[in-house]
Amino acid sequence: MIMEKHNITFVIPLHRMHIKNFNKAYESILAASIKDIEYSLIVILNGQSLPLDNSKYLDEPEKYGIRLIEFDQEKSCSIARNIGFKFVSTEIVIFLDGDIILPNNFFYNLKDYLVILKNNTSIGGLCPLFSVHKNYESGLQKYENLEDVRMLNSYRHQKYVKLLQGFCVTVKSSVFKKVGMFDESFIASEDRELTVRIINAGYKILCMPNIQITHINPSGFKNILKRKRWHAIGNAQLALKHPGAYDGNILEWLFLLFKKPFELAPLDPYAYLYYWGIMVAYTVCFLYFKIRFKQGLIKKDRY
């Protein structure tokens, strides 16, 4: 029996926060490799001042099958991903963050979904799950993970989901081009904005429950606050461009935040700090930037 061969391309933008974890990401790709799937890697390095000496793979990219694209100044993730896509020749492209670890069964399980993608023209992309951390960097990380799980489940309906995972955006190249690629005006939430356009174009996103990817997010208090600020900025842009993406009531949302610590862990102070502190701060940021963008604010970076 002749096994069907699949070809995919990984596009990996590397920012300051990702580069120290790239070795782990690259090695997880190698460890998961199978003969039925051939892949190429395109790495976009944002800023030549980034230290390459911590990664032997980036120091000699050709030796390790990496096409390296370098820029003097750091670009947003959406711009970097679109630049990398210009060099993609395969029908399946995976926009991968540089701080992830693929499971050893990634390609083995992925090949079944690639067959579905090829044979079903109504499916435009795939959504893996994320692996919940077993060892928490901080007491807050547990609740950040729980909130991520809640959000994914809220977008999930049977085998389909109205979400592309930002750390592993897996789409058909033809669909990606048809809907206009990533919106380069977005500095965050570009994955969610892309999802809206793919679904509005009539395509579905298939969930891959047997593929769980580890995302190495630094999760100290300052790291989470910074990340939530990015999300607030991107989601504010998303709410203005696609009002239907946020049709919930703000008072209902605040009540949800109020009762969450009591439901999850009434004796854990980190639960109150996360929901009453960090998530309320996120909500305030979201409302602030929504007003500022409506007033004409143009933001080209996350800072």
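Structure shown above.
What you see is a predicted model, and the numbers here were worked out from it, not measured in a lab.

A. Region of the structure containing the packing of aromatic side chains. One pass over the full model with this rule turns up 23 aromatic pairs. Relative to W276, the ring of F258 has its centre 5.5 Å away and its plane inclined at 5°; by these criteria the two rings are stacked. Of this pair, F258 sits in helix α9 (residues 250-264) while W276 sits in helix α10 (residues 269-294), and the two are 18 residues apart along the sequence. Residue class for F258 comes out partly exposed when judged on its relative accessible area of 44%. Given a relative accessible area of 37%, W276 falls into the partly exposed group. Aromatic pair Y274 and Y275: ring centres 5.0 Å apart, planes at 90°, arrangement edge-to-face. Residues Y274 and Y275 agree in their burial class; the two are buried.

B. Spotlight on a nonpolar patch on the surface. On the surface, a cluster of nonpolar side chains totalling about 340 Å² of accessible area is made up of F221, L225, Y270 and L273. For the nonpolar patch, the secondary-structure elements that each account for two or more residues are α8 (221-241) and α10. Tracing the chain through its elements places F221 in helix α8. The partly exposed category is assigned to F221, whose relative accessible area is 40%.

C. Geometry of the side chain of T195. Counting through the fold element by element, T195 comes out in helix α7 (residues 190-200). Overall, T195 belongs to the buried group, its relative accessible area being 2%. Each residue touching T195, except ones within four places of it in the same chain, is listed here: K162, L163, L164 and I205.

Cut-offs applied
- Residues numbered from 1 in each chain as written.
- Predicted model: local features only at pLDDT ≥ 70, side-chain atom pairs only at ≥ 80, totals over all residues.
- Heavy atoms only, no water.
- Phe/Tyr/Trp six-rings, centres within 6.5 Å; stacked < 30°, edge-to-face > 60°.
- Helix = DSSP H or I, 4+ residues; strand = E, 2+ residues; numbered from the N terminus.
- Buried < 20%, exposed > 50% of the residue type's maximum accessible area, 1.4 Å probe, protein only.
- Patch = residues over 30% accessible without salt bridge, like charges linked within 9 Å, V, L, I, M, F, W, Y side chains within 5 Å.
- Areas by Shrake-Rupley, 256 points an atom, 1.4 Å probe, with all protein chains shown as cover.
- Salt bridge = Lys/Arg side-chain N within 4 Å of Asp/Glu carboxyl O.
- Contact = heavy atoms within 4.5 Å.

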